[in-house]
Amino acid sequence: MTSVPADLALLTTEEMGRADRLTIDGGIPGTTLMENAGRAVADAILARYPAQATLVLCGPGNNGGDGWVVARRLKQAGFDVACSALAPVAALRGDAAVMAARWNGPVLPFEPAALDGRTLIVDALFGAGLARDLDSAVLRMIEAVGEGRRVVAVDLPSGVNGDDGTIRGGAFTADLSVTFFRAKPGHLLYPGRARTGQLVVADIGISPSVLESIDPKAARNGPALFARHFPVLRQDGHKYDRGHTVTLSGGALHTGAARLAARAALRIGSGLVSTIGDAEAARVIAAHQTAVMVAEVDGPAGLALFLSDRRRNAAVIGPAAGVGDTTFAHCRMALAAGCACVFDADALTSAAGRADILWRERTADLVLTPHDGEFARLFPQLSGLPSRAARAVAAAKESGAVVVLKGADCCIAAPDGRIAINDNAPPTLATAGSGDVLAGMIGGLLAQHMPAFEAAAAAVWLHGAAAEGFGRGLIAEDLVERLPIALQIAENHLRGRGQAG
Ligand SMILES: NC(=O)C1=CN([C@@H]2O[C@H](COP(=O)(O)OP(=O)(O)OC[C@H]3O[C@@H](n4cnc5c(N)ncnc54)[C@H](OP(=O)(O)O)[C@@H]3O)[C@@H](O)[C@H]2O)[C@@H](O)CC1
Ligand SMILES: Nc1ncnc2c1ncn2[C@@H]1O[C@H](COP(=O)(O)OP(=O)(O)O)[C@@H](O)[C@H]1O
Ligand SMILES: [K+]
């Protein structure tokens, strides 16, 4: 068993190198892998684009080696192909030299003039071996390619760091990237994701069994990641089996966020849900809620009493709660009560500068759901790390909590180093209240006894699935009402894998 499902694993460049070596040690020659890789790229091109004048840019390493294969195969398929080599062909070594020697077409100097009349550019300059910022010759070439030509990247757009999606000095913007065996974190993390275009992951003959010894920690988020822990509906079940989520409201003028979270918790299957607030807030909430229960709860002591009923097993604290000592005290009370907690929004800001108290007092599952601003306040010393994934992993290790670092490339990290990168969320999710809905969804899954990492990953994926296909005009309320559709989509995925409950 690997830490993350083999199908969803993402490999760092170092892990991909190990996969490569294990395969070669297992008896498959490197030239076979390279031929398979080049063929996969050529096939992806042939399936998408008509024959046209093509330039293959070949780098000094094995990424360039793949490029020579792509050139040969496109030429065989009737494309007009030239190559342009960054390093002298005579200086190539190993498998790349073998493949360069099998190319019998033109090799043009590595200058922008090589682009003249060519509409399709195959970027085989650097892939996993990118070791430093691009130099001026490559940057000039990227600029000359401009926006009028299609770029197909071999493995990764050159300049994108496969481990974290950062850009080393500059990078191609690809229409299509074809990578091998498994994708890399840099394909899914911004800004690399914006440079990757459509991503194809090709089988080149590396056996998934190599993953056993590599044991990757990163995965693309998807139903297979949370399938095993997804709540199963028992025929003879009753609502208390499905947990009781509590969402804490702000004052009378700020009840909407907790109400959204509550309805999302109910929709995602929490058996009971209560929204609680002070006397004035409770009256406002009562005017809006039907299936969600309402209770008047005054201050941290009231919260402690309310949560002392152990059936109330998950709490969502923070949405529109107000920043300050009271919210911080509410967080401490919820931790002391021993229920699973989601701390979002104002709970996170209220903890800035004193969060270590919460980490020490954590008794049960805890999920933190910061956006970038909240993250910078809560973990100022980590906010300079280069990628969302690195920041999320470091914060999870520091806090002992599961961290959902929200944004277009939302990352879910566990204290043991597992990280899921989400890629199903449309930009329509950037709308007021959508984070409140997500917090409620996580709370609702925790109430149903899902472990924190899987609950957070499932909620993030379902949140994206609920938004997908709706198009413009999506508001947070719509997300909640579309949760049944998202749950159905997840169930169809799981049923396809024989894992539906
Ligand atoms: N793993 C697999 O299973 C398979 C992998 N395959 C393919 O191999 C690729 C990895 O190959 P790779 O390791 O040779 O690295 P690659 O990306 O060609 O770059 C290294 C070269 O670039 C140079 N260099 C680096 N940065 C530079 C810069 N900024 N500016 C200038 N130069 C720079 C570096 O020079 P050095 O640092 O040594 O001076 C070295 O010469 C992988 O992406 C995939 O396409 C497939 O064939 C099939 C199976
Ligand atoms: N460009 C985007 N693409 C996909 N998802 C996004 C994008 N921007 C934001 N999101 C998601 O939308 C939600 C916004 O949450 P948050 O920032 O807390 O908003 P609010 O506080 O208004 O509820 C998060 O789940 C985040 O991951
Ligand atoms: K490349």
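Residues numbered from 1 in each chain as written. Chains lettered and ligands numbered in written order. Predicted model: local features only at pLDDT ≥ 70, side-chain atom pairs only at ≥ 80, totals over all residues. Heavy atoms only, no water.

Asker: Whenever I open this one, the environment of I268 confuses me. Can you help?
Answerer: Within the fold, I268 resides in the loop between α10 (256-267) and β11 (272-277). In the structure, I268 is positioned 216 residues away from P484 in sequence and 7.8 Å away in space, judged by C-alpha atoms. Residue contacts for I268: discarding those within four places in its chain leaves M441, G444, L445, Q448, L462, L483 and L487. (Helix = DSSP H or I, 4+ residues; strand = E, 2+ residues; numbered from the N terminus. Contact = heavy atoms within 4.5 Å.)

Asker: For this particular structure, what's the right way to read the pattern of salt bridges?
Answerer: Two side chains carrying opposite charge are able to pair once their charged atoms lie near each other. Tallying each qualifying case throughout the model produces 24 salt bridges. The salt bridge involving R118 is made with D80; its shortest N-O contact spans 3.4 Å. Placement of the pair is R118 in the loop between β4 (107-108) and β5 (120-124) and D80 in the loop between α3 (62-76) and β3 (81-85), with a sequence separation of 38 residues. Judged by its relative accessible area of 14%, R118 is buried. Among the residues examined, D80 registers a relative accessible area of 44% and is labelled partly exposed. Residue K406 is joined to D344 by a salt bridge in which the shortest nitrogen-to-oxygen separation is 3.3 Å. (Salt bridge = Lys/Arg side-chain N within 4 Å of Asp/Glu carboxyl O. Buried < 20%, exposed > 50% of the residue type's maximum accessible area, 1.4 Å probe, protein only.)

Asker: How do you make sense of the site of ligand 2 when you look at a structure like this?
Answerer: In the vicinity of ligand 2 lie 17 residues, with K406, G407, G433, S434 and G435 positioned nearest. D436 is positioned such that a nitrogen or oxygen atom in its backbone is 3.4 Å from an oxygen atom of ligand 2. Its free accessible area being 580 Å², ligand 2 has 77% of it covered by the protein chains. Ranked by residues supplied to the shell around ligand 2, first place goes to helix α18 (residues 434-447) with four residues. For the shell around ligand 2, the per-class residue count stands at eight nonpolar, seven polar and two charged. (Near = heavy atom within 4 Å. Polar contact = N/O pair within 3.5 Å; in protein donor to acceptor, adjacent residues only side chain to side chain. Areas by Shrake-Rupley, 256 points an atom, 1.4 Å probe, with all protein chains shown as cover. Nonpolar A, V, L, I, M, F, W, Y, C, P; charged D, E, K, R; others polar.)

Asker: What is the right way to look at the UniProt feature "domain: YjeF N-terminal" (unreviewed entry) in the protein chain in this model?
Answerer: Under the local residue numbering, the UniProt record ascribes the feature "domain: YjeF N-terminal" (unreviewed entry) to residues 16-212. Secondary structure across residues 16-212 comprises 38% helix and 16% strand; the distance between its end C-alpha atoms is 13 Å. (UniProt positions renumbered as here; feature names shortened; annotations may be inferred.)

Asker: What is the right way to look at the environment of D365 in this model?
Answerer: Residue placement: D365 occurs in the loop between α15 (355-361) and β15 (366-369). Exposure remark for D365: the relative accessible area of 35% places this residue in the partly exposed category. Here the alpha-carbon distance between D365 and V342, two residues 23 residues apart in the chain, equals 8.5 Å. When residues no more than four places from it in sequence are discounted, the contact partners of D365 are C339, A340, C341, L446, M450, P451 and A452. Looking at D365, its side chain comes within polar contact range of the main-chain nitrogen of A452, at 3.4 Å.

Asker: Any chance you could explain the nonpolar core here in plain terms?
Answerer: Generally speaking, a soluble globular protein has its nonpolar side chains buried in company with each other. Within the largest apolar cluster, 96 residues are counted, with the highest numbers of intra-cluster contacts made by I45, W68, F180, V404, L446 and L462. It is helix α19 (residues 452-467) that provides the largest number of residues to this core, a total of 13 residues. Setting aside residues no more than four positions away along its own chain, V404 makes contact with V367, L368, T369, P370, C410, C411, I412, L438, I442, A456 and V460. Residues V297, C331, L335 and C341 belong to the second largest nonpolar core, which totals 47 residues. (Core = buried A, V, L, I, M, F, W, Y, C linked by side-chain atoms within 4.5 Å.)

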